[in-house]
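Here are the chains, one letter per residue:
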Amino acid sequence: MMPQAVADSNSTTGEVVAELRKRSAFVMVSHVKPDGDTLGAGLALGLALKRMGKRVHYFQQDPVPRNLRFLPDSDKVARDLPEDLPSDSLWVFGDMSDTSRAGEFLPPIDRENILDIDHHLGNSHFGRFNYVIETECSTGTCVMRLLRAMNVEIDAEIATCLLTTIMTDTGGFMHSNTTPEVLMLSAELMRAGADKEAITEEIFANKRVAAVKLLGRAIDAAKLDHEGRYCWSYVDDAMLQACRADGEDTEEIIGHLRSIEGVEAAALFKTFDGEIRVSLRSNGRVNVQAAAARLGGGGHFRASGLTFIGSLKDAAAAVEAALVAEGL
Ligand code: AMP
Ligand code: MN
Ligand code: MN
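Within every chain, residues take consecutive numbers counted from 1 along the sequence as written. Written order determines the labels here, with chains lettered from A and ligands numbered from 1. Two thresholds apply to this predicted model, a pLDDT of at least 70 for residue-level local features and 80 or more for giving and counting side-chain atom pairs, whereas whole-chain, interface and lining totals are computed over all residues. In computing side-chain values, all of the structure's heavy atoms are included and hydrogens and water are not.

Asker: Where do I start with the pattern of salt bridges in this structure?
Answerer: Think of it this way: side chains of opposite charge can pair up when their charged atoms draw near. We define a salt bridge as a side-chain nitrogen of Lys or Arg found within 4 Å of a carboxyl oxygen belonging to Asp or Glu. Going through the model one piece at a time under the given rule, you end up with 22 salt bridges. Across the pair Glu136 and Arg145 runs a salt bridge whose closest N-O atoms are separated by 2.7 Å. In this scheme, a residue with accessible area under 20% of its type's maximum is buried, one over 50% is exposed, and one in between is partly exposed, where area comes from a 1.4 Å probe on protein chains only. The exposure class assigned to Glu136 is buried, which follows from its relative accessible area of 10%. Given a relative accessible area of 12%, Arg145 falls into the buried group. A salt bridge links Glu252 to Lys207; its shortest N-O distance comes to 3.6 Å. Of this pair, Glu252 sits in the loop between helix H8 (237-243) and helix H9 (253-258) while Lys207 is found in the loop between helix H6 (196-205) and helix H7 (209-220), placing the two residues 45 residues apart along the sequence. Taking relative accessible area as the criterion, Glu252 reaches 36% and is therefore assigned partly exposed. Secondary structure elements are taken from DSSP: a helix is a run of H or I of four residues or more, a strand is a run of E of two residues or more, and numbering for both begins at the N terminus.

Printed below as a string of structure tokens:
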């Protein structure tokens, strides 16, 4: 990997490694509605630190999604933290631009005790240590850099967690962030024993019938606007109930909207749990990170999201305006 990729983050690999070696206790923090990257990256680093004799806890506001429960140590992820947590524990936030993405249940944390590992555009560098590498395909590959620098053996369990981060954030090696280097790293992880079969089966192949039915409804409700360049749809409580589906069953929908011929930008409005969570995807022409940022969200050039408070009608109008402002 090119060393200059690290230069624009404000901590060097050496600084982060020194801090990881120095501290004795850690809390790995994942973002709300966790995906394979935030969770896999935290678990991989947590497992490695444990093997170095460190004390490790995992904090996550939301439960581990069904399709990620095969990950080693995922049964130790919780919203509660032990009372005797040392005050100089290092809180490692993975795969988020800001601490607010970890939810509302974190205790106040001194910035001195925060390490921010991420690959999002516009990360706010909220930690004392920030290891933000926008050119990495996943937060997991940022972690992999650290493990290599620490000379930690990547065993089969750690490899499975890391390969999960890559496969999640590249869409199973489909997205444009799948560089030759990413494929080399993935090969290395498979050689180290990563269980690609399990990742493929659990995350990509094994769909609940409720999710497939919900996909049908969302596609049925989809609209094509801007001469077919913009596709958007929604999922609401009634649709979830009719399909006996839940929030986890919505993951695949946005990719299908984006994959329609001629579509340059897609949006999915998820209007349940009392808020509207919006997922945006782009084919590479419109910067959906910039569009989401206009409405308080964030993400990547081709994949972003935001939370909207208001009606679906207002959300649809605001998102369309933000996309138009970014060139839709
Ligand atoms: P999703 O559509 O939920 O898969 O999210 C796509 C990308 O947008 C991910 O990189 C998320 O981290 C980011 N993202 C989603 N929701 C938000 C939000 N409310 N604020 C900031 N970033 C978000
Ligand atoms: Mn994520
Ligand atoms: Mn990620």
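There's more to say after this.
Asker: Hey, could you run me through the nonpolar core in this one?
Answerer: It is characteristic of soluble globular proteins that their nonpolar side chains tend to be buried jointly. One finds Leu20, Leu45, Leu115, Ile117, Leu147, Leu162 and Leu189 to be the most contacted residues of the largest nonpolar core, which totals 48 residues. A contact between two residues is defined here by any heavy atoms of the two lying within 4.5 Å. Beyond its immediate sequence surroundings of up to four residues, Leu189 is in contact with Met144, Ile154, Ala159, Leu162, Leu163, Ile166 and Ala194. The criterion is simple. A nonpolar core is a set of buried Ala, Val, Leu, Ile, Met, Phe, Trp, Tyr and Cys residues joined through side-chain atoms within 4.5 Å. Within the second largest apolar cluster, 21 residues are counted, among which are Ala267, Ile276, Val288 and Leu323.

Asker: For this particular structure, what's the right way to read the packing of aromatic side chains?
Answerer: For any pair of aromatic rings, geometry is given as the distance between the ring centres together with the angle between the planes. Here a pair means two rings of Phe, Tyr or Trp (six-membered ring of Trp) with centres within 6.5 Å. Their orientation is stacked below 30 degrees between planes, edge-to-face above 60, and tilted elsewhere. Applying the stated criterion across every chain yields a total of two aromatic pairs. Judged by centre distance (5.4 Å) and plane angle (80°), the rings of Phe93 and Phe126 are edge-to-face. A residue pair is termed long-range when its members are at least 10 positions apart, and Phe93 in strand S4 (residues 90-94) and Phe126 in the loop between strand S5 (114-118) and strand S6 (129-132) qualify at 33 residues. For Phe93, a relative accessible area of 0% translates into the label buried.

Asker: For this particular structure, what's the right way to read the site of ligand 1?
Answerer: Close contacts around ligand 1 come from 13 residues, with His120, Ser279, Arg281, Ser304 and Gly305 the closest. One nitrogen or oxygen atom from the main chain of Gly298 is found 3.3 Å from a nitrogen atom belonging to ligand 1. Taking Gly305, its main chain carries an N or O atom lying 3.1 Å from an oxygen atom of ligand 1. Taking 490 Å² as the accessible area of ligand 1 by itself, protein coverage stands at 77%. Every element with two or more residues in the shell around ligand 1 is listed here: strand S10 (275-282), strand S11 (298-299) and strand S12 (303-308). When residues in the shell around ligand 1 are grouped by element, the largest group, five residues, is from S12. Lys, Arg, Asp and Glu make up the charged group, whereas Ala, Val, Leu, Ile, Met, Phe, Trp, Tyr, Cys and Pro make up the nonpolar group; the residues left over, Gly among them, are polar. In the shell around ligand 1, the residues fall into two nonpolar, nine polar and two charged. Proximity criterion: a residue is near a molecule or strand once any of its heavy atoms comes within 4 Å of it. Think of a polar contact as two N or O atoms within 3.5 Å of one another; within protein, one of them needs to be a possible hydrogen donor and the other a possible acceptor, and neighboring residues in sequence only count if both atoms come from side chains. Using a 1.4 Å probe, the Shrake-Rupley method yields the accessible areas, and only the shown protein chains count as cover for residues.

Asker: Explain the coordination of the manganese ion (ligand 3) to me, please; I cannot follow it from the model alone.
Answerer: In an ideal tetrahedron of four donors about a metal, each angle is 109.5 degrees. In an ideal octahedron of six donors, the angles are 90 or 180 degrees. Taken together, the protein donors to the manganese ion (ligand 3) comprise Asp37 (OD), Asp95 (OD), His119 (NE2) and Asp169 (OD), at separations of 2.1 to 2.2 Å. Sites may look incomplete, because water is not among the atoms used; the donor set itself consists of N, O and S atoms within 2.8 Å of the metal (3.2 Å for Na, K and Ca). Positions of the donor residues of the manganese ion (ligand 3), expressed as sequence spacing, correspond to D-x57-D-x23-H-x49-D. Between the manganese ion (ligand 3) and the manganese ion (ligand 2) the interatomic distance amounts to 4.0 Å, and Asp95 serves as a bridging ligand to the pair. Of this pair, Asp95 sits in the loop between S4 and S5 while Asp169 sits in helix H4 (residues 156-169), and the two are 74 residues apart along the sequence. The buried category is assigned to Asp169, whose relative accessible area is 16%.

Asker: Is there a simple way to think about the coordination of the manganese ion (ligand 2) in this case?
Answerer: Around the manganese ion (ligand 2), the donor atoms from the protein are His31 (NE2), Asp35 (OD) and Asp95 (OD), and they sit 2.0 to 2.3 Å away. All donors of the manganese ion (ligand 2) belong to a single chain; written as a sequence motif, their spacing is H-x3-D-x59-D. Using a relative accessible area of 24% as the deciding quantity, one classes Asp35 as partly exposed.

Asker: Would you mind showing me how to read the confidence of the model for the chain here?
Answerer: A low pLDDT score tells you not to read the predicted coordinates there in detail. Taken residue by residue, the chain gives an average pLDDT of 96. The fraction at 70 or more is 97%. Across the chain, the element-wise mean pLDDT spans from 96 in S11 up to 99 in H4. Between residues 1-8, whose pLDDT stays under 50, and residues either more than four places distant or in other chains, the model counts 16 contacts. Every residue gets a pLDDT, meaning the predictor's confidence in that residue, from 0 to 100.

Asker: What is the right way to look at empty space enclosed by the protein in this model?
Answerer: Vacant regions in the atomic arrangement are exposed by a probe of water-molecule size rolled over the atoms. Within this scheme a cavity is a closed region of a 1 Å grid, computed over the protein atoms alone, that accommodates a 1.4 Å probe without allowing it to escape, whereas a pocket is open but has protein on both sides within 12 Å along at least five of seven lines; lining residues each have an atom within 4 Å of a point. Grid points are joined across faces, edges and corners, and a volume is the space filled by probe spheres set on the points. Considering all chains together, one arrives at one cavity of 30 Å³ or more under this definition. In this model, the largest cavity occupies a volume close to 40 Å³. Surrounding the largest cavity, Met28, Val29, Ala41, Gly42, Leu45, Val92, Phe93, Gly94, Ile117, Thr139 and Val143 form its lining. Residues belonging to the lining of the largest cavity are distributed by class as follows: eight nonpolar, three polar and no charged.

Asker: Before we go on, may I ask you to explain the environment of Ala102 in this structure?
Answerer: Inspection of the secondary structure puts Ala102 in the loop between S4 and S5. In this structure Ala102 comes out as buried when scored by relative accessible area, which is 0%. Residues Ala102 and Val17 lie 85 residues apart in sequence; the distance between their C-alpha atoms is 23 Å. Contacts of Ala102, omitting those with residues within four sequence positions, involve Val29, Ser30, His31, Val32, Phe59, Gln61, Phe93 and Met96.

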